[in-house]
Amino acid sequence: MAHGPAKGISRWLFTTNHKDIGTMYMWFSFAMFLLGGAFAMVIRAELFQPGMQLVEPEFFNQMTTMHGLVMVFGAIMPAFVGLANWMIPLMIGAPDMALPRMNNWSFWILPFAFLMLASTFFMEGGAPNFGWTFYAPLSTTYAPPSVTFFIFAVHIMGASSIMGSINIIATVLNMRAPGMTLMKMPLFVWTWLITAFLLVAVMPVLAGAVTMMLMDIHFGTSFFDAAGGGDPVLFQHVFWFFGHPEVYIIILPGFGVVSQVIPAFSRKPLFGYSSMVYATASIAFLSFIVWAHHMFTVGMPLAGELYFMYATMLIAVPTGVKVFNWITTMWRGSMTFETPMLFAIAFVILFTMGGFTGLMLGIAPSDIQYHDSYFVVAHFHYTMVAGAIFSLTAGIYYWLPKWTGKMYNETLGKTQFWIAFIGFNLTFFPQHFVGLAGMQRRVPDYALQFADFNMLSSIGAFMFGMSQLMLLFNVINTILAGKRAEKDKVWDGAEGLEWTVPSPAPYHTFSTPPQVK
Amino acid sequence: MKTLENLFDFPFNIFDPAGVQAGWLANLGWVLVVLMSVLIIGMAVLVVWGALRRRGRLEEHMPIDVDGGKGWILWGGVALPVTVLTSLFVVTVVTLNMLPGDREEPALAVKVTAHQWWWEVDYLYDDLPQRFSTANEIHIPVGQPVRIELISSDVIHSFWIPKLHGKIDAIPGHTNALIVEAEEPGVYRGECAEYCGVQHAHMRFVVVAQPPEEYQAWAARQREPAAPVTDPKLVKGREAFEGYACALCHSIRGTKARGQVAPDLTHFASRMTIGGIMPNTRARLQAWIVNAQALKPGVRMPTLEEFDGETLNALAAYLESLE
Ligand code: HEC
Ligand code: HEM
Ligand SMILES: [Cu+2]
Ligand SMILES: [Cu+2]
């Protein structure tokens, strides 16, 4: 029968246990979050005042590039994979992931990818400096030599993501407990299933893009080199065909987390469950056909502009359905506001705002004014920080008692929420205005008229950075010195199979599948 | 604190347009900003209100009407977005139609070539001798549409004069075009809006919109080759320019300098900026000539420290005489 974990380091190196692997994913992504955060602090420190003060422009560009890459591929994506590893088997009543050995492999190649990426700082010519969107030919003909290592790192991350998502698809489709039909699955499982399909579809496209770069750089092809008959615009099409679905890869699992948390603290089932599932699926589908809204300035024919604009606007409909579902779930519930709920509600408000600014950017003639300005920076931080990071934080506080069997410090949690909330808005709200007034993005220096707002932004960023250290402290403190959770089901309103197992969740759960009615 | 950026600042607020196209875009912008603000605030209030209405645990009160509220989804989730989106779409299509496109053929065409990190500007008059070349400064007549053709010699850049029009990218292997029409005379800031490498932030230019007669006078002077110099100091300056590496990169029409990879300096003294980033003064020019790298790190002009003071002086004096 069940036996405990192996002893010492080999437990972690050789583990095939979904909880161990989930834990490693989470800690790894938090480490990357701190690294990417440190880069962000350098950026905000330089932008504290106009003019060049602290760093050379070349180093600043390496910072913005690495910040984006590390946050997207190192922090947010692995964190959600970690949550999926921990929670999906528990939520569907499976003993483990369907492909446990591959699971070990998909995690363990990641640290090497990021080690390689980070090592580029010490190479001649420095780290990648061409932006996280790495447009050719800046990232090919004009790139520092370290670009080859960047390409290899992206390949490994892609392989890791693809294996991770195949595993999730296989688990969800094959390992559900008897009675757990698809339309009974918790929404977190649904959103991840759909995300996993997105990943399997677009990560190879990204791999293709970087491989074409590699060929251009080393093997004399000219996919993206105009002098050889290639086309830099091709790169953008390929990149954004990956890139737009990617933004939904980042946010859909967050939708899932919030759809677990809000019902629990409203003590009411999720409103309109099936419409949520269909809305998620439509968003995923639409995300494949809107990519060129990132390219309104490349000189598209009018018909192209109209099409991509219209398709982009369509996404607002299923997104609107989701937001109203969350509101209706809370409507006339029995509401309490513990830390996970605070983060979930902030998510709904701030993500909605990001959606509306996205709509402004999706309108071709206005985008040509706002594109590549700080308005875009504000938009995507409202979706990626207030969206992905806030929902992750909600998930961490919500399931931490399940993982550790101990209760986190609620006062500290709430304090962290308010500091994060205020810090976040202080950082990114003013960026809408400087962007609308014409400040471009990816600049280490800016016009004097933007000085005040940028100073506010920087102060907010330092606040937000601090709030994340509080989260780290709260988690460690819970593990080491938290009060024992009184019940297995710590939240009285929580539903789902994960709350039927003891807290902390034993090393092996559901060795005999539960019966779902 | 070195504040290069602040030495030279011309207005560039999108919402304070100075041209026909930017005017339309600003109107659309206001519609969007107001509409989105109302929607964002409305949604935030709704979420907070929905959350705060009934506080308490299950023991205190059972939730009521678990399934009620389907109307919300229909009204809020479907009807509202569909109406808002449809009207937005209509407003947008109207704006797109208003933006003068390639339909009319403006009299004046300017070819702008983006280089890492400066702008080459060629005036494309049909009559070949009328053509001329300059850099980082574009003059246009007020009240007349001007066609800007954009190409790039290296990476992707984006041409943006916020007060006149939206951005359009300069992409290797592509020619993009934009039609701008200034309504008010003035000097406006232009910048590169696509990340293009180390000096992206400082890849700037100025646009001078002036009454047509003034523009014609300016163009007539730009067309002329550099006036011959006689003053011994200036002659020494010219010879230095032709003798040192300068002439390999830069050209000064009317002299032996015929370089093609750097800004045309024929009428350099008539320009407002050096390198697009700082006022064109004697002291700065000398600093630029000996060490452009210090002022615009990474710039594609080498550090040329080999001059003695006298030669440097003569060189700067000569360049400053190129009105
Ligand atoms: C290797 C080619 C090269 C050489 C040699 C060179 N320059 Fe330049 N120069 C450039 C480039 C490229 C720029 C545009 C830099 C920018 O703004 O990014 C430039 C800009 C300038 C400008 C400013 C032009 C403007 O319109 O703002 C001046 C003045 C200038 N150079 C003078 C000189 C002088 C004098 C010499 C010789 C002592 C010289 N350059 C040698 C490449 C060169
Ligand atoms: C209603 C939903 C959304 C719409 C209509 C929308 C629209 C857009 C548009 C048009 C742009 C291009 C702006 C420009 O560069 O000019 C953009 C950029 C961006 N969006 Fe969104 N978006 C939405 C949701 C999201 C979500 C959910 C995320 C991520 C979680 C996201 C992340 C980003 C990012 C990262 C960029 C910047 C890419 C870059 O670096 O250039 N967006 N969005
Ligand atoms: Cu997109
Ligand atoms: Cu640029």
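Residues numbered from 1 in each chain as written. Chains lettered and ligands numbered in written order. Predicted model: local features only at pLDDT ≥ 70, side-chain atom pairs only at ≥ 80, totals over all residues.

**Looking at the packing of helix H3 (residues 57-92) of chain A against helix H5 (residues 147-174) of chain A**
Residues and elements named next belong to chain A. Definition in use: Under this scheme, a helix contributes an axis fitted over its contacting stretch, all axes are lines through C-alpha atoms, and angles between N-to-C directions fall in the 0 to 180 degree range. Runs of E in the DSSP output that reach at least two residues are strands. Runs of H or I that reach at least four are helices, and both are numbered from the N terminus. Convention used here: angles under 35 degrees read as roughly parallel, angles over 145 as roughly antiparallel, angles from 65 to 115 as roughly perpendicular, and any remaining angle as oblique. Left-handed is the label given to a crossing in which the near helix is rotated counterclockwise from the far helix by less than a right angle, and right-handed is the label when the rotation is clockwise. Note on contacts: each residue gets a C-beta atom placed from the backbone, and two residues are in contact if those atoms are within 7 Å. Ten residue types, Ala, Val, Leu, Ile, Met, Phe, Trp, Tyr, Cys and Pro, are classed as nonpolar, four, Asp, Glu, Lys and Arg, as charged, and the remainder, Gly among them, as polar.
Put simply, H3 and H5 touch, their axes get as near as 11 Å, and they point 20° apart. One finds that H3 runs roughly parallel with respect to H5. H5 is crossed by H3, and the crossing has left-handed handedness. Along its contact with H3, which presents Phe73, Met77, Val81, Ala84, Ile88, Pro89 and Ile92, the element H5 presents Met157, Ser161, Gly164, Ile168, Thr171 and Val172. Of the residues assigned to the contact of H3 with H5, the class counts are ten nonpolar, three polar and no charged.

**Digging into the site of ligand 1**
Residue and element names in this part refer to chain B. What counts here: Using a C-beta atom placed from the backbone, a residue is scored as near a molecule or strand whenever that atom is within 6 Å of it. Residue ranges assigned to the domains are those given by an automatic or database domain assignment.
Around ligand 1 sit 31 residues in total, of which Cys246, Cys249, Ala262, Gly275 and Met301 are the nearest. Breaking the shell around ligand 1 down by element, the ones donating at least two residues are helix H6 (246-249), strand E11 (273-274), helix H7 (282-295) and helix H8 (309-320). Among the elements that take part in the shell around ligand 1, H6 stands out by supplying three residues, more than any other. Here the shell around ligand 1 spans two domains, since at least three of its residues come from each of domain 1 (1-54 + 100-223) and domain 2 (232-320).

**Things to note about the site of ligand 2**
Residue and element names in this part refer to chain A. Taken together, 26 residues lie around ligand 2, and Val247, Gly358, His371, Phe380 and Thr383 are the ones closest in. Secondary structure elements with two or more residues in the shell around ligand 2: helix H7 (232-266), helix H9 (302-330), helix H10 (339-362), helix H11 (364-370) and helix H12 (374-404). Sorting elements by how many residues they give to the shell around ligand 2 places H12 first, with seven residues. A class-by-class count of the residues in the shell around ligand 2 yields twelve nonpolar, twelve polar and two charged.

**Some remarks on the sheet that holds strand E1 (residues 108-115) of chain B**
Residues and elements named next belong to chain B. This is how the line gets drawn: We call two strands paired when DSSP finds no fewer than two bridges between them.
Strands sit in the order E3-E2-E1-E5-E8 across an open sheet of five strands; the sheet is mixed. In this open sheet, the two edge strands, each paired with only one partner strand, are strand E3 (132-135) and strand E8 (176-180). Looking at each pair of strands side by side, their axes are set apart by 25° on average, direction ignored. In this sheet, E3 lies alongside strand E2 (residues 118-123) in antiparallel orientation, the contact comprising four bridges. Counterpart to Asp122 in the pairing with E3 is Ser133.

**Focus: the packing of helix H2 (residues 18-46) of chain A against H3 of chain A**
Residue and element names in this part refer to chain A. The N-to-C vectors of H2 and H3 enclose an angle of 155°; their axes lie 7 Å apart at closest approach. Regarding the angle of H2 to H3, the classification is roughly antiparallel. Between H2 and H3 lies a crossing of left-handed hand.

**Things to note about the interface of chain B and chain A**
Contact residues are listed per partner, giving 79 residues for chain B and 73 residues for chain A. When contributions to the side of chain B that touches chain A are tallied by element, the ones reaching two or more residues are helix H1 (4-7), helix H2 (20-52), helix H3 (70-98) and strand E7 (168-170) of chain B. Element by element, the count of residues in the side of chain B that touches chain A is highest for H3 of chain B, at 14 residues. Among the residues making up the side of chain B that touches chain A, the classes are represented as 43 nonpolar, 22 polar and 14 charged.

**Let's talk about the confidence of the model for chain B**
Predicted coordinates in areas of low pLDDT are best not read in detail. Residues and elements named next belong to chain B. Formally: A score from 0 to 100, pLDDT tells how confident the predictor is in each residue.
The share of residues in chain B with pLDDT of 70 or more is 93%, and the mean pLDDT across the chain is 87. Counted against residues more than four places away or in other chains, residues 1-6, with its pLDDT under 50, gives 20 contacts. Interface confidence for the predicted complex, given as ipTM, is 0.92, next to a pTM of 0.94.

**Quick notes on unusual backbone geometry**
We count it as follows: Three exposure classes are used, all based on how many other C-beta atoms lie within 10 Å of a residue's own C-beta (placed from the backbone): buried at 20 or more, exposed at 12 or fewer, and partly exposed between those limits.
Omega for the peptide link from Ala136 of chain A to Pro137 of chain A comes to 0°, which places this bond in the cis form. Note the cis peptide between Ser503 of chain A and Pro504 of chain A, where omega equals -5°. Along the chain, Pro504 of chain A turns up in the segment after strand E2 (483-484). Within the chain, Asp372 of chain A stands out as a residue other than glycine whose phi angle is a positive 55°. Within the secondary structure, Asp372 of chain A sits in the loop between H11 and H12. Under the C-beta neighbour-count criterion, Asp372 of chain A is labelled buried, with 23 such atoms within 10 Å. Notably, Asn136 of chain B is not glycine yet its phi reads approximately 55°, a positive angle. By secondary structure assignment, the location of Asn136 of chain B is in the loop between E3 and strand E4 (137-141).

**Notes on the sheet that holds E7 of chain B**
Residues and elements named next belong to chain B. Pairing within the open sheet is mixed, and its five strands lie in the order E4-E10-E9-E6-E7. A single partner strand is all that each edge strand has here, and the edge strands are E4 and E7. Across the sheet, the mean angle separating the axes of adjacent strands is 25° when strand polarity is ignored. Note: strand E6 (residues 157-160) against E7, three bridges, orientation antiparallel. Each bridged residue has a counterpart across the sheet, and for Ser158 the counterpart in E7 is Asp169. Its contacts with the sheet put helix H4 (residues 212-223) on E4 and strand E10 (204-210), and the angle it makes with E4 is roughly 135°.

**Brief notes about the domain arrangement of chain B**
All names here are of chain B. Partitioning chain B into structural domains gives domain 1 (1-54 + 100-223) and domain 2 (232-320). For domain 1 and domain 2, the distance between their C-alpha centroids amounts to 28 Å. With 21 residues of domain 1 in contact, the opposing surface of domain 2 contributes 16 residues. Going through the elements one at a time, H1, E2, E3, E10 and H4 are the ones with two or more residues in the side of domain 1 that touches domain 2. When grouped by side-chain class, the residues that make up the side of domain 1 that touches domain 2 number ten nonpolar, seven polar and four charged.

**Things to note about H3 of chain B**
Filter applied, for reference: Multiplying 1.5 Å by the helix residue count minus one yields the expected span of that helix. Here the bend at a residue is taken as the angle between two axes, fitted respectively to the seven residues that end there and the seven that start there.
In a regular helix each residue adds 1.5 Å, so 29 residues correspond to 42 Å; H3 of chain B covers 41 Å between its end C-alpha atoms and thus fits that length. Considering bend angle alone, the principal kink of H3 of chain B is centred on Ala79 of chain B and spans about 30°; proline Pro81 of chain B follows within four residues of it. All of the buried residues in H3 of chain B are Ile73, Gly76, Gly77, Pro81, Leu85, Leu88, Thr92 and Thr95 of chain B. Considering only its buried residues, H3 of chain B is in contact with helix H8 (273-286), H9 and H11 of chain A together with H2 of chain B.

**A closer look at the pairing of strand E5 (residues 146-152) of chain B**
Residues and elements named next belong to chain B. Of the two faces of E5, the one holding Val146, Ile148, Leu150 and Ser152 is buried and the one holding Arg147, Glu149 and Ile151 is not buried anywhere. Bridge analysis of E1 against E5 gives seven bridges, and the strand direction is parallel. Directly across from Ala109, in E5, lies its bridge partner Arg147. Pairing of E5 with E8 involves five bridges; the strand directions are antiparallel. Looking across to E8, one finds that Ile148 is bridged to Leu178.

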